[in-house]
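Okay, here's what each chain looks like letter by letter:
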Amino acid sequence: MIVVLGSECSLRDKARVVRHIERNGGRLLLSEIGDETHIGLIGPEAQALVDDLASMPGVTEIREVALPYPQVSREHHPESSEVRVGDVRIGGEEVVVMAGPCSVEGASQLSLTGGGVASAGARMLRGGAFKPRSSPYSFQGLGEEGLVLLASVRAETGLPVVTEVVAPEDVELVGSYADMLQIGARNMQNFRLLSEVGAQARPVLLKRGISSTVEELLLAAEYVVSAGNPNVVLCERGIRTFETSTRNTFDVSAVPVLKQRSHLPVIVDPSHAAGERSLVPHLARSGVAAGADGVIVEVHNDPDSALSDGKQSLTLDGFASMMDELRAIAAAVGRHVAPARRE
Ligand code: PEP
Ligand code: MN
């Protein structure tokens with residue numbers, strides 16, 4: 001429900017309306033749209049307040065709109081949001097590239113890969129310490145030891161770290177090392193985990209579930225935001241379809257759809273969509289062309305010996321050439337990708 005306060009509504013009348021809603025247990029979202037103030041009413045208390053509000057001075061209209069994800073929707077928040085991770089801003093003019101191995105495997109692997117991606121212009125380091133693997137017999141990650149290595153390569157490279165958290169009870173531990181918490185595709189609807197990352201301060205990278213709709217992704221984001229954390233970045237990483245020639249089907253249309261419906265930044269993960277190294281740069285380029293605010297990509301110093309997702313991991317040289325291509329695409333859509341570092 002949206003309560004519209006007209007341009008003539010005085011500050012005192014606005015305050016009265018807000019107070020009335022809050023005193024009656026309603027939750028609200030305020031936005032200035034043109035010369036009107038819109039108050040979005042959230043939650044079950046909203047309906048009971050309609051009659052009172054309709055008769056209050058300054059209220060010109062009450063619109064019945066069913067917004068299943070009011071806080072992440074553009075409706076109440078027409079400007080795009082930026083999410084800060086250290087000195088990196090996601091959702092601004094820069095297309096932010098996050099890169100690193102699928103899993104943290106050891107000190108030299110992470111340091112070589114982290115150093116390589118930093119030189120080629122990556123702005124954040126990725127790497128899983130807690131790995132949600134389809135098989136219980138696959139490498140499950142180094143756990144806290146992996147987090148320590150991520151923090152040490154952050155110190156070497158200056159790149160903020162994004163890493164996955166798979167269980168509510170690990171949120172505090174992972175947050176004590178990482179700059180951004182990743183919720184993986186398999187956990188997009190783990191609502192306890194979403195509420196837990198919503199109740200802490202680190203920004204969240206929320207990946208689309210393997211068989212989830214755009215609306216379900218936005219509802220998952222609403223869980224995080226409604227628990228108190230507004231810093232959420234959405235990620236299209238491919239969805240399961242009948243097509244088997246790629247690991248998942250990269251839904252490039254999700255990028256403009258999400259940007260239309262939500263003010264949150266949107267990035268793409270071409271690695272888990274493609275499942276195959278040679279396809280990754282193509283998908284990455286299309287994501288940037290479609291308006292993505294960033295790209296998260298798997299890179300390994302020796303992909304053939306990787307303990308997870310080696311087939312889809314770029315070599316360091318492959319990553320550097322993809323970055324050159326992304327710079328050209330970004331420039332064509334009025335954005336930029338950070339330059340390679342001079343050693
Ligand atoms: C990952 O980023 O390594 C990962 C497991 O991704 P997803 O959750 O998208 O499968
Ligand atoms: Mn992976």
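Quick note: structure is the one above.
Residues numbered from 1 in each chain as written. Chains lettered and ligands numbered in written order. Predicted model: local features only at pLDDT ≥ 70, side-chain atom pairs only at ≥ 80, totals over all residues. Heavy atoms only, no water.

## Notes on the site of ligand 1
Close to ligand 1 lie Cys102, Arg126, Lys131, Glu164, Gln182, Gly184, Ala185, Arg186, Lys207, Arg237, His272 and Glu298. Lys207 has a polar side-chain atom sitting 2.9 Å from an oxygen atom of ligand 1. Between ligand 1 and the protein, one listed contact pairs an oxygen atom with a side-chain N or O atom of Arg237 at 2.7 Å. Looking at the shell around ligand 1 residue by residue, the class counts come to two nonpolar, three polar and seven charged. (Near = heavy atom within 4 Å. Polar contact = N/O pair within 3.5 Å; in protein donor to acceptor, adjacent residues only side chain to side chain. Nonpolar A, V, L, I, M, F, W, Y, C, P; charged D, E, K, R; others polar.)

## Let's talk about the pattern of salt bridges
According to the stated counting rule, one finds 15 salt bridges in the structure shown. Of the charged contacts in the structure, one is a salt bridge between Asp251 and Arg208, with a shortest N-O distance of 2.8 Å. Here Arg208 lies in the loop between strand E11 (204-207) and helix H7 (214-226) and Asp251 lies in the loop between strand E12 (232-236) and helix H8 (254-261), a separation of 43 residues in the sequence. The network of salt bridges with shared partners includes Arg208, Glu236 and Asp251. (Salt bridge = Lys/Arg side-chain N within 4 Å of Asp/Glu carboxyl O. Helix = DSSP H or I, 4+ residues; strand = E, 2+ residues; numbered from the N terminus.)

## Points about unusual backbone geometry
Phi is positive for Asp309, close to 55°, though the residue is something other than glycine. Tracing the backbone shows Asp309 in the loop between strand E14 (294-298) and helix H11 (316-332).

## Overview of the packing of aromatic side chains
Summed over all chains, the structure comprises one aromatic pair. Ring centres of Phe191 and Tyr223 lie 4.5 Å apart, and the angle between their planes is 25°; this geometry places the pair in the stacked category. With Phe191 in helix H6 (residues 191-198) and Tyr223 in helix H7, the pair connects residues that are 32 residues apart, well separated along the chain. Judged by relative accessible area, Phe191 falls into the partly exposed class, the value being 34%. (Phe/Tyr/Trp six-rings, centres within 6.5 Å; stacked < 30°, edge-to-face > 60°. Buried < 20%, exposed > 50% of the residue type's maximum accessible area, 1.4 Å probe, protein only.)

## Comments concerning the sheet that holds strand E4 (residues 59-63)
One open sheet holds the four strands; their spatial order is E2-E3-E1-E4, and the pairing between them is antiparallel. Of all the strands in the sheet, the pair left with one neighbour each is strand E2 (27-33) and E4. Across this sheet, the average inter-strand angle for adjacent strands is 20°, counted without regard to direction. (Pairing = 2+ DSSP bridges. Axes fitted to C-alpha atoms, helices over the stretch in contact; angles between N-to-C directions.)

## As for the packing of helix H3 (residues 107-119) against helix H4 (residues 144-157)
Two elements in contact, H3 and H4, have axes whose closest approach is 10 Å; the angle formed by their N-to-C orientations is 35°. Seen from above, H3 lies across H4 with right-handed handedness. Every residue of H4 that contacts H3 at Ala107, Leu110, Ser111, Gly114, Gly115 and Ala118 is listed here: Leu149, Leu150, Val153, Glu156 and Thr157. (Left-handed = near helix turned anticlockwise from the far one by under 90°. Contact = heavy atoms within 4.5 Å.)

Honestly, it's all geometry; don't read function into it.
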